[in-house]
Every structure is written in structure tokens, then in C-alpha cells.
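A closer look at the structure
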Amino acid sequence: MELLCIRQWISGLLPTWLSAWCIKPVGGALVRQEPEYILLALMGSPLKKIMLCSSEKEIFSVEEQVMVQHSVIINNMIEDGSYNHEESKIPLDCVDSKTLKKVIDYCTHHTHHHNDNQEDLEAWDAQFLNVDSNGLYDLLMAANYLEIRNLLDLIYGTIKNMIKGKKIDEIRRIFNIKDHGFTPEEEEQNRKEYPHFY
Amino acid sequence: MAEIDRWWNLHPDLLYQITEHLYFYDDYIRLRLVCKEWNSKLSSIPHHKRNPWLLLPGTTHDSSLNHILDKEQIYHVMFPDFDINDNLIYGSGYGWLITVVISNGAIRMLNPFTKSHLDLPPISTFPDVVRYHRDWWHVGEYVLVELSDGSIYTIDAISFHKYEIWKIVISSPPDNEDFMAVAIYGECGNLAVCKLNDKRWTDIPMEEISPLFQDVIFFQDKIYAVDFDTNLYEFDKKVIMDELGKKPRPQLVPLLTSIGGICEPPPPAKLATHYNCSMNKYVIGCVDGSLLMIVKHDDWAMKMLHICNKFDVFKLTKNSKEWSRIHSLEDYAVMIGYNSSVQMFPGKSPYCKANHIYYTDNQVVLHTPGEPSLQDMGILNLEDTKTNKILPNVEWVCPPTWLLP
């Protein structure tokens, strides 16, 4: 299965002149070279994977390049050598499995589809963030911890839209804030001062 | 992780990041109203958003304004005892507005962001006021005013309150113990100062000359003022401050030399005499210690249409003996008008552009205060000298002014 994935990935990335090399005359007949062997010859090593371990001790295997591209924290870990490919896994104790899977999804999609047109990407992002406020909170914490800039911007943009122009009670409902913490006098004062927000 | 009440406890850094992504000031206020935790973690004035505001005195239900400015952010402030027909704004600085109440001559400072207010000594305590009077002869109250030559004239109190002040500038926010306010006042555009809790305004005496000041600023412990003839004056704030602190009430006259006077560098502009008053001068202190003087040319003949196209900018570098004409503000912008003339560093702000002059109208000579009139406000790009006019067709009873938090 892994080999299949690599082949698909390569054929998407290979420029056409390289694909043309796949056809070589051998003894008068045209023989097709397998593209992935050529690429392996060029790159010199198999596609690197890293292991991420959620708070629930579940292990996720993901392409190193994908995570390095998006997460500053993981990039730093690999660059300064604190991550040993042979046996280490990166423990992410503050991210649960569900959230980690989603984060990996986001990074993977954005790496593989970065050439897609803007509309498609935005549509995918919107669908990706179609979660409840709990899920959003977990994503925010994970993206913040892993320092994934574009995911953070996306989340903050969504939060901004959740606040923009809304009435205060609605915002409280959206963010699941059951007890606002103001004294009755303070709350009354607020309502008097900004009646159009309530 | 299925706890429910986690947003409530959001870390201040993340909350701050959310505010960075907010576009409307209203949304910032909303965040503070959602819950007590967020309220305590967010300051009442968003300090990171140090953008300039244009204050438009009007009613919140003035739909004609909303329509014109639909692309801008309008933040409505309710001031229950601010009657736009009874107030004139004669200064703004550090987020505070300084207004004159027409009906009773009170001078008040208001902060639209924090809603605080405090009073400065009223107009009746200005040095040129002899006394207020009311008798059956005259309708309403009138004022006896003394001119510099000693003669006395009378004027009705309402008109006096409208015309007496040209501009008021403050040295810092009022919670600072070195706070001082300076006013350009009277027929002759003199200077008067006061500290917090003073009962009166104290005149800064001039020697024999009778300058007509047009702008004044506090800069590096000094007070700089420019007169209608573009002469620059420098006064020592510390000395004045000390004297004002003494009892009994000082006359600053004996201190003349130590207070200051006309500056060495000769005036930069040779302006035709009869146009002098219609050209407003502004003086600005720069970050690098130099001073800028801006001369705004108005076409006297076109008083009604009020077309202002020409600005001359002069610079006096620190310790220099001469002004030089400059044609670019480089990375900075300036804001002039009734506000304390300031230099700004816009950086990457989308709301303020470098090398631009943001001006509002403070041409006392060409307006009748308290009457609706068109205002000459705009944004001039020094690079191509093109001007973007702001609301040129709206009449204002109380003129708009820049406000910087």
C-alpha cells in the first residue's frame, strides 16, 4: 500500500521531461521505466516518516516533510537533531487522538494540494472547521502548541466571524459560556451602556 | 476532553491574538462584554490598535453619515451630557477631547474611550476677562474684556464663549502629575497656561511684541509656539510649572528671560502680509528632536468653497540656526487641526499612510463657531500632492477633529 501511495504522489509531482525518461529504447523495443525508481535514484532515500504520539498514547505516522512544512515546533525538533528517526516518536501530551488526526489531515491536505485553486482550498478549509466549539478549542490549543501558523490564522478568522456583529447572549451560547461572571449590577451597567449589543 | 467551560478561561495571549484579527472596534467591545474573565484580560482601550480616529460630533441616528462612511468603521459614543449644539471642541490629545461649553463658558476634558471627564478652569478665569456683567441694559449676560493696549470692550457672553479660545493643547494625560494645559486665546492670540486643579488660567507674558499665535505644542520639556508670521517661540515648561506651583498666585512677568521668548532661527516663510491670518501654521515635534512647521494655504477669496491645496513644510533640525524646506515626510505622517499637532509613524497600519498630511479645519477666522458650516478636511499625499477630501459636503455645527488614543 505504501508503494502505491508513493507512485501516485510521484506522478503528480514529476515534471513532464522526467516522465519522458520513463520510455527508453532497449534492444529495439520501447520499455517503460518505473517512475518511482527514477525518483528514488534522484532522492537517494525512502520517503521519511515520523511518529506522533497523542495524549491517549495512540501513534500516528505521517510524512516528515508534511509536518516540517507546517509546524515550527516539529521543524525545530528535527533540525536540532533531538528527533531520532530510527526509534523515536514525538509525544504530544496535550493533544488528543481526535484532534491530532485532524491536525495531520490539515497539514497533509495543504502540502499535497497547495497548487489547487484558492476557492477549492477555502471550501476544504471551511468544511474542515465545521466543528463544534469544543472541537474548535482543541484545534486552537493544538495549532498553538505546534505553532502551525496558517491553521492558527484560519481558526482566528473563524472565531472573528463567530463574534462579528453578534449579540452578546448569542456569543455566550456559541462559546458555551454558561456563567458570564459579572455581578448583577455589572451586567446591568453593561446592558445600559451598550444596549445595541444585547 | 469534554469539559464545557473552557473558552471562558482562554489564555490572555490567545485572547490578544483574537483581538489582533478583529477589524471592527465594536467587536472588541463585544469581547469585553461576553464574560468577566475576558473583560479583565482585555484593556478598555485596545492599545495595540493605535490608529487615529476622526471624531464626528453628531447624533447616533444620523443615518446620512452612516451612508457616506459605510466603508469606514464608525464607533458610536454616547455622551449623555454632551450637547453638540452647546459644545465646541478646541483641542484633542492623548485620547482626550477638550471642549468649551457655549452656554456657560466651562472648559471640560472628555475621554470618549473611558468615558471619564474632568474640568479645567472656565473661560471666565482667563486673564483678559475683567468681569461678567448682567444688567437691564443688555439682553443676557455680557463680558468686559481687556485688550493688550488697556482698552476695554464688551461682548455678549455667548459670543465670547464661542470666540475666545483658538486652541487648547495638553502636555500629557491628566493622570500625570506634570500635566499642563496651554490655550491660545483672546483677540490677540495670546498664551495662557494652567495645571490640574488650578482655579485660573495664567497668562504667559510677551515682551513688547504682540504675537498672534496659531499653534502651540509641548515638546521635550518646552513649549513651542508659532505665530501668524511663522516666528517660533520657545518657553521653558519646567520653570513655568514651578512658578505656577507657588503661592500666592504668580505673575510670570518677572521671569521673562527664564521662561523663554522668540527663537533664534528666523521665520522660514516670507508670506504676503494680508494673507497671513488665513494661512494656518502648525508646529510639530519630531521623534528625532527636530521641529516641523506646516503652513496651510487657504484661498481667502474662495472662503465659501474653502479649497485648500497647498501645504508648505519646513524643518528645523535640533540646534540648527535655520529652517529648511522639505518636500517629503518620508516614513511619517502628520495630523493637524484642532488636535495637538502630531507626527505619526504609521508602519504597516492600513489606516494611516506615510508621507501624508491628515488635516481638519481649524480656521477660526473663516468660520462662525456654533453655526453649521462646511469643513475643509482631507488627506494630502505629499508625493503627488493629491488630496483626498473627507466629507466635503457635510455641514457641521461642532467641527470634527482627529483623536489619537
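Residues numbered from 1 in each chain as written. Chains lettered and ligands numbered in written order. Predicted model: local features only at pLDDT ≥ 70, side-chain atom pairs only at ≥ 80, totals over all residues. Heavy atoms only, no water.

The name that an unreviewed UniProt entry assigns to chain B is F-box protein At1g10110-like, with the source organism given as Arachis duranensis.

Named according to an unreviewed UniProt entry, chain A is SKP1-like protein 11 isoform X4 originating from Arachis duranensis. Looking at chain A in UniProt, the text filed under Pathway (unreviewed entry) is "Protein modification; protein ubiquitination." (UniProt positions renumbered as here; feature names shortened; annotations may be inferred.)

With that settled, consider the interface of chain B and chain A. Taken together, the 27 residues of chain B in the interface contact 36 residues of chain A. When the two sides are added together, the surface that chain B and chain A hide from each other amounts to roughly 3,100 Å², 64% of it contributed by carbon and sulfur. Among the residues of chain B in contact with chain A, W7, R30 and L33 of chain B are the three that bury the most area, contributing 26% of the side total. Between chain B and chain A we count two salt bridges in total. Two residues, R6 of chain B and D138 of chain A, come together in a salt bridge whose shortest N-O distance is 3.0 Å. The interface formed by chain B and chain A includes ten residue pairs in polar contact (both at pLDDT 80 or more). Per-element tally for the side of chain B that touches chain A: the top contributor is helix α2 (residues 25-34) of chain B, with eight residues. Class assignment of the residues belonging to the side of chain B that touches chain A gives a composition of 15 nonpolar, three polar and nine charged. (Contact = heavy atoms within 4.5 Å. Buried area = accessible area lost by both parts, 1.4 Å probe. Salt bridge = Lys/Arg side-chain N within 4 Å of Asp/Glu carboxyl O. Polar contact = N/O pair within 3.5 Å; in protein donor to acceptor, adjacent residues only side chain to side chain. Helix = DSSP H or I, 4+ residues; strand = E, 2+ residues; numbered from the N terminus. Nonpolar A, V, L, I, M, F, W, Y, C, P; charged D, E, K, R; others polar.)

The next subject is the pattern of salt bridges. All names here are of chain A. Evaluated as defined, the whole model comprises 15 salt bridges over all chains. Two residues, E187 and R172, come together in a salt bridge whose shortest N-O distance is 3.3 Å. Linking E187 in helix α11 (residues 184-193) with R172 in helix α10 (residues 168-174), this pair joins segments that are 15 residues apart in sequence. Assessed through its relative accessible area of 6%, R172 is described here as buried. Shared partners join several salt bridges into a network, and the residues in it are D169, R172, E187 and R191. (Buried < 20%, exposed > 50% of the residue type's maximum accessible area, 1.4 Å probe, protein only.)

Our next topic: helix α6 (residues 97-112) of chain A. For α6 of chain A, which comprises 16 residues, the first-to-last C-alpha distance of 22 Å matches the rise-based estimate of 22 Å (1.5 Å per residue) to within 8%. Those residues of α6 of chain A that fall on the buried side of the exposure criterion are S97, T99, L100, V103, I104, Y106, C107, H109, H110 and T111 of chain A. (Expected span 1.5 Å × (residues − 1).)

Its place among the elements puts W396 of chain B in strand β27 (residues 395-396). Distance from W396 of chain B to L56 of chain B, taken between C-alpha atoms, is 8.7 Å for residues 340 residues apart in sequence.

For the rest of this paragraph, the subject is the packing of aromatic side chains. Residue and element names in this part refer to chain B. Using the criterion set out here, one finds 15 aromatic pairs over all chains in the structure. A ring pair is formed by F311 and Y359, whose centres lie 5.0 Å apart and whose planes are at 55°; its orientation type is tilted. With a gap of 48 residues between them, F311 in strand β19 (residues 310-316) and Y359 in strand β23 (residues 356-359) connect regions that are remote in the sequence. Among the residues examined, F311 registers a relative accessible area of 9% and is labelled buried. Between Y358 and W402, the aromatic rings sit 5.7 Å apart at their centres with planes inclined by 80°, giving edge-to-face as the arrangement. (Phe/Tyr/Trp six-rings, centres within 6.5 Å; stacked < 30°, edge-to-face > 60°.)

Now for the sheet that holds strand β22 (residues 342-344) of chain B. Residues and elements named next belong to chain B. Spatial strand order, β22-β21-β23-β25-β26: five strands in an open sheet with mixed pairing. In this open sheet, the two strands that pair with only one neighbour each are β22 and β26 (386-389). When the angles between neighbouring strand axes are averaged without regard to direction, this sheet yields 20°. Inspection of the sheet shows strand β25 (residues 378-381) paired to β26 by four bridges, in the antiparallel sense. (Pairing = 2+ DSSP bridges. Axes fitted to C-alpha atoms, helices over the stretch in contact; angles between N-to-C directions.)

Moving on to the confidence of the model for chain A. Residues and elements named next belong to chain A. Confidence in the prediction of chain A, expressed as mean pLDDT, is 78, and 75% of residues score 70 or more. Of all the helices and strands in chain A, helix α1 (residues 2-13) carries the lowest mean pLDDT, 41, while helix α8 (residues 133-146) carries the highest, 93. Segment residues 1-46: pLDDT under 50, and 30 contacts once partners within four positions in sequence are set aside and those in other chains are kept. (pLDDT = per-residue confidence, 0-100.)

What follows is about the side chain of N39 of chain B. Relative to the helices and strands, N39 of chain B resides in helix α3 (residues 36-41). Not counting residues within four places of it along the chain, the set of residues in contact with N39 of chain B comprises F182 of chain A together with R32 of chain B.

Quick look at the nonpolar core now. By size, the foremost hydrophobic cluster in this structure holds 49 residues, and its most contacted members are L52 and I159 of chain A together with W38 of chain B. Apart from residues no more than four positions distant in its own chain, I159 of chain A is found in contact with L136, L140 and F175 of chain A together with W7 and I18 of chain B. Core analysis: the next-biggest nonpolar cluster, separate from the first, contains 28 residues, L120, I168, F179 and A181 of chain B among them. (Core = buried A, V, L, I, M, F, W, Y, C linked by side-chain atoms within 4.5 Å.)

Residues and elements named next belong to chain B. Taking strand neighbours across the sheet as the criterion, the four strands line up as β17-β18-β19-β20 in an open arrangement whose pairing is antiparallel. With one partner strand each, in any of the chains shown, β17 (280-285) and β20 (324-326) form the two edges of the open sheet. With strand direction ignored, the average angle separating the axes of adjacent strands in the sheet is 30°. Examined bridge by bridge, β17 and strand β18 (residues 291-297) share six bridges and lie antiparallel to one another.

So, on to the pairing of strand β3 (residues 96-101) of chain B. All names here are of chain B. The element β3 is extensively covered by neighbouring structure, given that six of its six residues are classed as buried. On β3, burial covers both faces: W96, I98 and V100 on one face and L97, T99 and V101 on the other are all buried. The pairing of strand β2 (residues 87-93) with β3 spans six bridges and is antiparallel. The partner of G93 across the bridge, within β3, is W96. Relative to strand β4 (residues 107-110), β3 is paired through four bridges, and the arrangement is antiparallel. Counterpart to T99 in the pairing with β4 is R108. If you look at the hairpin formed by β3 and β4, you'll find five residues sitting between the two strands, and G105 has a positive phi there, around 75°.

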